[in-house]
Amino acid sequence: MYLSLPTQKPRYARVFGLCFLLAVALFLPHCIADAVFGGGFFHYAGDFNDQQINFYQYANAFVKQGDTFSWATDLGSGFVNAYSFYLLGSPFFWLSLWVPSRLMPWMMVPLLCLKIALAGGGGYLWARRWVGNEDWSMVAGCLYAFSGFTVYNIFFNHFLDVVALFPYMLAALDDAVLDGKRGRFPFWVALNLVNNYFFFAGQAVFLVLYFLCMLAGRRYKVGPRSFAVLAGETLLGCAMGCVLLIPAGLSLVQNPRTIDPFNGYGYLIYGNAQQYGAIFYSAFLMPDAPYFKDMFQEGILKHTSMTAYLPLVGIAGGVAFCRGRRTHPFAYLLKACIVCAFVPVLNSAFYALNSSYYARWYYMPVLVLCAATAYVLGRPHLAERQVPRAWRLVALITLSAVAFALVPNTDEDGNFQLGVVDLQPRFWGVFTVSLLGVLLFWALWKLCRNRRDWARTMLAAVLAFSFLYGSVHLSLTKYPQWQTDSNLIAETYDSVSGIEEALPQDSFYRLDAYGAHNNLGLWFDKSCLQFFNSTVAPSIMEFYPQVGVTRDVNSKPDAQNYALRGLLSVRYTLVAKDKVTDWEKENLSGWTACGETSAYRIYRNDNWVPMGFTYDFYVTADQLETVPEEERAQILMRALLLDEDQLDTYAGWLDPLPQAELEDRTADRYAADCADRRATSVENFTATNTGFTAHTHYAEEELVFFSVPYDDGFTATVNGEPVPIEKVDNGLMAIAVPAGDADIVCTYHTPGLALSVRISLAAVVIYGGYLLVLYRKRKRKLNAESC
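The rules we used
Residues numbered from 1 in each chain as written. Predicted model: local features only at pLDDT ≥ 70, side-chain atom pairs only at ≥ 80, totals over all residues. Heavy atoms only, no water. Pairing = 2+ DSSP bridges. Helix = DSSP H or I, 4+ residues; strand = E, 2+ residues; numbered from the N terminus. Patch = residues over 30% accessible without salt bridge, like charges linked within 9 Å, V, L, I, M, F, W, Y side chains within 5 Å. Areas by Shrake-Rupley, 256 points an atom, 1.4 Å probe, with all protein chains shown as cover. Salt bridge = Lys/Arg side-chain N within 4 Å of Asp/Glu carboxyl O. Lys, Arg positive; Asp, Glu negative; His and termini not counted. Charge placed at Lys NZ, Arg CZ, Asp CG, Glu CD. Buried < 20%, exposed > 50% of the residue type's maximum accessible area, 1.4 Å probe, protein only. Phe/Tyr/Trp six-rings, centres within 6.5 Å; stacked < 30°, edge-to-face > 60°. Lys NZ or Arg CZ within 6 Å of the ring centre and 35° of its normal. Contact = heavy atoms within 4.5 Å. Expected span 1.5 Å × (residues − 1). Axes fitted to C-alpha atoms, helices over the stretch in contact; angles between N-to-C directions. Core = buried A, V, L, I, M, F, W, Y, C linked by side-chain atoms within 4.5 Å.

*Asks:* What am I meant to see in the pairing of strand E21 (residues 740-748) here?
*Replies:* Taken together, the 8 bridges between strand E15 (residues 691-698) and E21 define a ladder with antiparallel strand orientation. If you follow Thr693 over to E21, its bridge partner there is Val745. Note that strand E17 (residues 714-718) and E21 share 5 bridges and pair antiparallel. Looking at the pairing, Ala716 lines up with Cys746 of E21.

Set out below in structure tokens:
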């Protein structure tokens, strides 16, 4: 057993440097291609382009301004809750604040290289104890840094923050239990928790599983006192890291995406048999692009991070380890993780038992797989017995993937076609590179395993093959969307000044976009209806489905839902120039071309209604349910939706909407309703960095509607006196004002943030005292030993 760290000089800096340089080499050709042909900075595909780049740029500027409420996030959302999942707790994001926000798009690749290098260094540090050899520990670290999971999740960017930090927490746990080194574990627990609460939930489950397997394998020997100290350190770390947890939790419990439990067979069996095949082959073939389905067309496969691939060595080392060291904790752990992957409820245990399928916890068993592989290859007596058998199994399963490309099949029209894969050239590219890795590993095994530099040869081979397969994966992901994203920079980064000049800045209004990229509002610092973010204000996800808009990970109201634009105070629509013809085919009335920039034709909403207006009528939920969802916005432009409790309070202020009015949903009537609402709009509305202010002057007391997402974090005053905020229209807000002049001040404070901060600060103070006690205890021990 190798429970103590090797006595050889640590090589962390060497692993870090190798991984960083290889990451630079991996990205450099694509950066050059973007600089020459793509318009500027590196852009990739999908989520990386639509979320990660603009999130980093926007958040950089937002944090420096000290704001709390983000108007540019969908219809408006609290900043902490909207971005704590993506970047707000990430140390990499805070490191990037020294860069001006306008330069953040150019910082994405350096940050990615840093994350990959830290992942490699962390993997090496943790593996040293278990591998027992510095050379082979370096191999383990590099395997982890360039595993299929890491390369695949460049697409999501912020997932790599988790990949980079997790090994340090696991190493600190080993140090605490095996060496009695106290004080490090709470720090890494706190950092991993504050970095990403969603992934930390899975890490907590894995650490429990890891701990139990270590006890079962008799590597951990923990008495009651040691366990109590370890539990205390764990709780202390969680307390220090909970600064974003309570606000996120309060928001998530209201988010319908997080409340999605299993039912019946769903706990035990995946709904499609192909899901099992995809999980199985994810360890044998290099990952395809996250948004493609190659071998398996049915099941939940895209964007799931389903890959356990290791460059060059694949899963052969893991198979050999589990055969040769059956009672080792790693063997227990890897087998347990395989069971978890194939049983839905166990897989979802890493995500609070949510039934949505993801494999975004694989990086943790992958880390163990890397160490197990290095362990086997570094022990000739074990490797000679087990590696050939394991390699033959891996080679056979890898070759079996050919069947998916050659099996007879028919297309939708009944015509014969070969194979069931989505695209033959892409499949053969993935298969060829994967098989090449299998063959190269065998060649190296046969020719070099008895040489003194066997470990260094493998290290060089792993790095070289990582560059090869990583380049293939980046190309398969990036360039199929090259045409789609060729105008990304022109429509976003390069259009900021043009949009500012073309659009008025004298009042608040929202934008819409047509045929353009997601999240334009973040670039132009304007609320935009087309928005892509999973953690916006929960009331947005409550409101949109009631008006015919599907709201899961993004907001994409259809252009034909024209009345929604008046209700939400949309003043302009930006139409990408290559989509103008498609826009005009929509044949929408009430829009007038009013200008253009280098990237957009700008259309003005003739039925724009400024933010904040009153109604003459109210409508009940029962009435509204008789109207098709996609036409309910027409009714909501005419009447305010109130619940039964609100009717008791405000029925005298508004008249009930006559039943006949529910049938009048024409475009002309909508325009008339917009004119009526415009006539009753507030005199002044100002969006602030903490909410909004408004001034009203009505002859009678009124209930003023604001298309701002209802949130428990808002408080309101009218003429300095606190007033309640009413939740209307299934998720938006209204505020009662008296007759005459009234000044409304609506202020947003992140719910739970103050409590979280107090808990974290108290825990940090306790942690500081704990470290001081440990330091003095260690100093006394050293003094006693020197006497």
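From this point on, the discussion continues.
*Asks:* Please clarify how a negative patch on the surface should be interpreted in this entry.
*Replies:* The grouping of Asp622, Glu625, Asp643, Glu644, Asp645 and Asp648 at the surface amounts to a negative patch. The leading source of residues in the negative patch is helix H30 (residues 644-650), at 3 residues. As for its placement among the helices and strands, Asp643 is situated in the loop between strand E12 (639-641) and H30. A relative accessible area of 38% places Asp643 in the partly exposed class.

*Asks:* Where do I start with the packing of aromatic side chains in this structure?
*Replies:* For any two aromatic rings, the description comes down to two numbers: the centre-to-centre distance and the angle of the planes. If you walk through the whole model with that rule in mind, you get 83 aromatic pairs. Pairing Phe296 with Phe404 gives two aromatic rings, centres 5.1 Å apart and planes at 65°, and the pair type is edge-to-face. Here Phe404 lies in helix H19 (residues 403-406) and Phe296 lies in the loop between helix H13 (274-281) and helix H14 (316-324), a separation of 108 residues in the sequence. A single burial state applies to Phe296 and to Phe404, both of which are buried. One residue, Arg360, lies across the ring of Phe156, its end atom 4.8 Å from the ring centre. Sitting over the face of the ring of Tyr509, Lys526 holds its NZ or CZ atom 4.1 Å from the ring centroid.

*Asks:* How should I be thinking about the side chain of Thr457 in this particular structure?
*Replies:* Considering the arrangement of structural elements, one finds Thr457 in helix H21 (residues 454-478). Classification of Thr457 by relative accessible area gives buried; the value is 17%. When residues no more than four places from it in sequence are discounted, the contact partners of Thr457 are Leu444 and Cys448.

*Asks:* What is the right way to read the environment of Ala443 from this model?
*Replies:* Within the secondary structure, Ala443 sits in helix H20 (residues 424-448). Ala443 gets classed as partly exposed once you look at its relative accessible area, which sits at 32%.

*Asks:* Mind showing me how you'd approach H21 here?
*Replies:* Working note: α-helix, 3.6 residues per turn, so residues spaced by three or four point in the same direction. Between its first and last C-alpha, H21 extends 35 Å over 25 residues, near the 36 Å set by a 1.5 Å rise per residue. Here H21 lies mainly inside the structure; 18 of its 25 residues are buried.

*Asks:* Could you clarify how one ought to interpret the sheet that holds strand E18 (residues 721-723) in this entry?
*Replies:* The pairing of strands in a sheet happens through backbone hydrogen bonds and is either parallel or antiparallel. Taken in spatial order, the 5 strands make up an open sheet running E14-E15-E21-E17-E18, and their pairing is antiparallel. What marks the edges here is a single partner per strand, and that holds for strand E14 (684-688) and E18. On average, each strand axis in the sheet is inclined to that of its neighbour by 25°, with strand direction left out of account. Pairing geometry for E17 and E18, over 3 bridges, is antiparallel. Looking across to E18, one finds that Thr717 is bridged to Pro722.

*Asks:* What exactly am I supposed to notice about a positive patch on the surface here?
*Replies:* A surface patch of positive charge is lined by Arg225, Arg776, Lys777, Arg780 and Lys781. Examining the composition of the positive patch, we find that 4 residues originate from one element, helix H32 (residues 753-786), more than from any other.

*Asks:* Before we go on, may I ask you to explain the side chain of Ser251 in this structure?
*Replies:* Here Ser251 is to be found in helix H12 (residues 245-252). Residue classification places Ser251 among the buried positions, given a relative accessible area of 12%.

*Asks:* What should I look at first to understand the sheet that holds strand E10 (residues 600-605) in this one?
*Replies:* With mixed pairing, 4 strands are arranged side by side in an open sheet as E5-E8-E10-E9. With partners counted over all chains shown, the strands left at the sheet margins are strand E5 (510-514) and strand E9 (591-596), one partner each. Going across the sheet, the axis of each strand differs from the next one's by a mean of 30°, ignoring polarity. In this structure, E9 lies alongside E10, joined through 5 bridges in antiparallel fashion. Along E10, the bridge assignment pairs Ala593 with Tyr603.

*Asks:* What exactly am I supposed to notice about the nonpolar core here?
*Replies:* Looking at soluble globular proteins, one finds that nonpolar side chains tend to be buried together. Of all hydrophobic cores here, the largest spans 255 residues; its most connected members are Phe27, Trp126, Tyr210, Tyr362, Met458 and Tyr544. If you tally residues by element for this core, the top one is helix H5 (residues 104-131), at 17 residues. When near neighbours in sequence (up to four residues on either side) are disregarded, Phe27 contacts Phe42, Val109, Leu112, Cys113, Ile116, Ile154 and Leu474. Core analysis: the next-biggest nonpolar cluster, separate from the first, contains 23 residues, Phe692, Val704, Val718 and Ile735 among them.

*Asks:* Sorry if this is basic, but what is going on with the environment of Ala23 here?
*Replies:* Checked against the element boundaries, Ala23 lands in helix H1 (residues 12-38). Taking the relative accessible area as the measure of exposure, Ala23 reaches 0% and is therefore buried. Setting aside its immediate chain neighbours within four residues, Ala23 contacts Cys113, Ile116 and Phe146.

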